Amino acid sequence: MSQLTRQHDGRKAIVCVDSYHNGVLRGRLYHTAPEPEHFESLSQFLIKMEQVLDMPPVPSEALPESHMVLPLHRGMEATFQIQILFRHNTSWQGVLVWLEEHVHQRFRSTLSLILLLDSTLSQVRKEDAV
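Every value quoted in this text rests on a predicted model; they were computed, and no experiment measured them.

## Points about unusual backbone geometry
Only a minority of non-glycine residues have a phi that is not negative, and only a minority of peptide bonds are not trans.
Now for step 1: Non-glycine residue Asn 22 carries a positive phi angle of around 50°.
Now for step 2: Inspection of the secondary structure assignment puts Asn 22 in the loop between strand 2 (12–21) and strand 3 (24–30).

Listed below in structure tokens is the structure:
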């Protein structure tokens, strides 16, 4: 299992998508908390991600060494790293990385992030069907 160094400002997360059927997103969200956040829909994912972003920054020296590295879990459909660079007027701007394919894409709004996720996951489903 690969590992990523945790970014302790709460603005980076690993999203493991375990299923994506008829636009319904299910999976796990990993961030600075020791346990993953499970989500059963796009709205749950967005709410949990917003809660992660609302968490106060945790200085790395305040965390035990075991929290310094984030194990890179894999989703059954796809795995993403999301880094939020800015939050403005309840929207996010940042970078989405599709880890299996090493594809980096910038997004300028939460809607843009949703469309990128949908496009990537639809592509994965088409490849699986072939």
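Next comes the rest of the account.
## Observations regarding the pairing of strand 3
Now for step 1: Most of strand 3 is tucked away: 5 of the 7 residues are buried.
Now for step 2: With 7 bridges joining them, strand 2 and strand 3 adopt antiparallel strand pairing. What sits directly across from Ser 19, in strand 3, is Arg 26.
Now for step 3: As paired strands, strand 3 and strand 4 (residues 37–39) are joined by 3 bridges and run antiparallel to one another. Bridge pairing in strand 4 links Leu 29 to Glu 37.

## Looking at the environment of Lys 12
Now for step 1: In this structure, Lys 12 sits in strand 2.
Now for step 2: Expressed as a C-alpha distance, the spacing of Lys 12 and His 31, which sit 19 residues apart in the sequence, is 6.8 Å.

## Observations regarding the pairing of strand 6 (residues 78–88)
Now for step 1: Bridge analysis of strand 2 against strand 6 gives 6 bridges, and the strand direction is antiparallel. Its bridge partner being in strand 6, Ile 14 is matched across the sheet by Gln 81.
Now for step 2: As paired strands, strand 6 and strand 7 (residues 91–98) are joined by 8 bridges and run antiparallel to one another. Following the sheet pairing, Phe 86 is matched in strand 7 by Gln 93.
Now for step 3: Linking two consecutive strands that pair antiparallel, namely strand 6 and strand 7, is a turn of 2 residues; a positive phi of about 50° is found at Asn 89 within it.

Criteria and thresholds
Residues numbered from 1 in each chain as written. Predicted model: local features only at pLDDT ≥ 70, side-chain atom pairs only at ≥ 80, totals over all residues. Heavy atoms only, no water. Helix = DSSP H or I, 4+ residues; strand = E, 2+ residues; numbered from the N terminus. Buried < 20%, exposed > 50% of the residue type's maximum accessible area, 1.4 Å probe, protein only. Pairing = 2+ DSSP bridges.

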